[in-house]
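Chain and residue survey
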Amino acid sequence: MKLLRFGELGAEKPGLLDADGQIRDLSSRINDISGATLSPAALENMRGLDPNDLPVVAGQPRIGACVGAVGKLIAIGLNYADHAAEANMALPEEPIVFFKATSSICGPNDAVEIPRGSTKTDWEVELGVVIGTRAKYVSEADALSHVAGYCILNDVSERDFQLHRSGQWVKGKSHDTFAPMGPWLVTADEVPDPQNLAMTLSVNGQSMQDGSTRTMHFSVATVISHLSQFMTLYPGDVIATGTPPGVGMGQKPQVYLREGDEMVLSIEGLGEQRQTCIAARD
């Protein structure tokens with residue numbers, strides 16, 4: 001299934017994308033696409049629905065983040081061998097873990113804000129992993145059974161804030177709109193191998209990132225198992241699993257986002273995002 005949320009910011013409704021690419025309104029069946037509706041039993045109930053029994057959503061509504069009420073947005077740094085090489089940094093012995101504020105989450109096609117004082121706002125196409133069942137001290141062998149589905153996530157980053165403003169990376173990762181998510185949550189049964197997905201990102205029509213989850217240093221299963229040793233993962237938590245090479249910081253010379261720039265992101269089977277950069281709002 002391809003699940004999504006549509007409507008104005010803060011008033012999104014749950015939906016399902018049917019075989020013809022039409023949005024079907026799920027709001028008469030569930031309240032939201034969030035932790036409570038991502039359990040195996042809840043997803044199985046949704047699979048049993050006939051999309052033809054659900055109202056078609058007319059027009060072209062705004063698409064919101066594909067998961068609502070996210071409890072934790074956890075990210076993994078330097079998790080692609082080829083990205084670490086372009087950054088001239090050694091591969092870590094254990095996953096590098098940081099958090100993005102959940103207030104940074106926005107829809108996949110919403111505008112991305114350039115923060116006040118920013119000189120180095122950057123892009124990162126990433127595979128997002130959405131947890132469906134509670135995970136604590138899980139093994140790698142069992143880890144993927146806790147996944148509800150996958151999505152595209154743009155881990156937008158302000159590199160100067162991240163690397164030169166002291167403390168943790170969270171400063172450069174958490175501005176409003178720095179986590180476009182979606183367009184869809186694609187359930188895990190439709191992604192048999194999360195370690196074999198092509199992923200791309202372009203800026204103003206120029207290809208910048210063209211990679212694959214094959215080059216992940218720590219697999220999705222390894223990341224989930226590792227995180228679960230330190231914190232309980234709950235339904236609706238989202239993990240951003242790292243980015244392939246081609247980020248602005250890795251260009252020679254370096255290139256960063258400016259007002260008016262347009263990013264287009266895709267991951268095989270997970271859809272496409274399109275964002276225009278604007279100045280930070282009050």
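In short, a report on the structure. (Residues numbered from 1 in each chain as written. Predicted model: local features only at pLDDT ≥ 70, side-chain atom pairs only at ≥ 80, totals over all residues. Heavy atoms only, no water.)

Notes on helix α5 (residues 220–228)
Among the 9 residues of α5, 9 are classified as buried, and the element is accordingly described as predominantly covered. In this structure, the buried residues of α5 make contact with β4 (73–77), β5 (96–99), β9 (125–131), α3 (140–143), β10 (147–154) and β16 (238–240). (Buried < 20%, exposed > 50% of the residue type's maximum accessible area, 1.4 Å probe, protein only. Helix = DSSP H or I, 4+ residues; strand = E, 2+ residues; numbered from the N terminus. Contact = heavy atoms within 4.5 Å.)

Remarks on the pattern of salt bridges
One pass over the structure, following the stated rule, counts 18 salt bridges. Taking the shortest distance from any N to any O, the salt bridge between K2 and E190 comes out at 3.3 Å. Note that K2 is positioned in strand β1 (residues 2–6) and E190 in the loop between β13 (185–187) and β14 (198–203), a separation of 188 residues in sequence. Among the residues examined, K2 registers a relative accessible area of 23% and is labelled partly exposed. (Salt bridge = Lys/Arg side-chain N within 4 Å of Asp/Glu carboxyl O.)

With respect to the sheet that holds strand β17 (residues 262–267)
Taken in spatial order, the 5 strands of this open sheet run β7-β18-β17-β14-β15, and their pairing is mixed. The sheet terminates laterally at β7 (112–114) and β15 (206–212), the two strands that pair on one side only. Each adjacent strand pair in this sheet contributes to an overall mean axis angle of 20°, direction not counted. Of the strand pairs in this sheet, β17 and strand β18 (residues 271–279) are connected by 6 bridges, and their pairing is antiparallel. Across the sheet, I267 pairs through a bridge with G271, a residue of β18. (Pairing = 2+ DSSP bridges. Axes fitted to C-alpha atoms, helices over the stretch in contact; angles between N-to-C directions.)

Describing helix α1 (residues 40–47)
Taken together, the buried positions of α1 are occupied by A42, L43 and M46. An end-on view of α1 places all buried positions within 95° of arc, on one side of the element. For α1, the exposed residues set more than 90 degrees away from the buried face come down to A41 and N45. Close packing links the buried residues of α1 with β1, β10 and β13. (Arc of directions from axis to C-beta.)

Things to note about unusual backbone geometry
The residue after G182, namely P183, is reached through a cis peptide bond having omega 20°. Looking at the element boundaries, P183 is found in the loop between β12 (179–180) and β13. The amide bond that connects K252 to the next residue, P253, takes the cis arrangement and shows omega of 0°. Of note, Y137 is a non-glycine position whose phi angle comes to about 55°, a positive value. Relative to the assigned elements, Y137 resides in the loop between β9 and α3. On the accessibility criterion, Y137 (56% relative accessible area) is exposed.

Some remarks on the pairing of β15
In this sheet, β15 lies alongside β14 in antiparallel orientation, the contact comprising 6 bridges. If you follow L201 over to β15, its bridge partner there is Q209. In this antiparallel pair of consecutive strands, β14 and β15, the connection spans 2 residues, and N204 shows a positive phi of 55°.

A look at the nonpolar core
One broad rule of soluble globular proteins: the nonpolar side chains tend to lie buried together. Among the nonpolar cores identified, the biggest contains 48 residues, and I224 and I239 are the most heavily contacted of them. Among the elements that make up this core, the one with the highest residue count is α5 (5 residues). When residues no more than four places from it in sequence are discounted, the contact partners of I239 are I74, I76, L127, G128, V129, I131, V223, I224, L227 and L233. Listed in part, the 27 residues of the second largest apolar core include M1, L3, L43 and V70. (Core = buried A, V, L, I, M, F, W, Y, C linked by side-chain atoms within 4.5 Å.)

Observations concerning the layout of surface pockets
In this structure, the largest pocket occupies an estimated 200 Å³ of space. Around the largest pocket, the lining comprises 18 residues; the ones closest to its centre are L78, H83, R159, Q162 and W169. A class-by-class count of the residues in the lining of the largest pocket yields 8 nonpolar, 5 polar and 5 charged. In this structure, the second largest pocket occupies an estimated 180 Å³ of space. Taken together, L4, L17, I23, I63, N109, P183, W184, G271, E272, Q273 and R274 form the lining of the second largest pocket. (1 Å grid on protein atoms, 1.4 Å probe; cavity = no way out; pocket = protein on both sides within 12 Å on 5 of 7 lines; lining within 4 Å. Points joined across faces, edges and corners; volume = space filled by probe spheres on them. Nonpolar A, V, L, I, M, F, W, Y, C, P; charged D, E, K, R; others polar.)

A look at the side chain of T37
Examined against the element boundaries, T37 turns out to sit in the loop between β3 (23–25) and α1. A relative accessible area of 11% means that T37 is categorised as buried. For T37, the residues in contact, after removing those within four places along its chain, are I30, D32, A42, L43 and M46.

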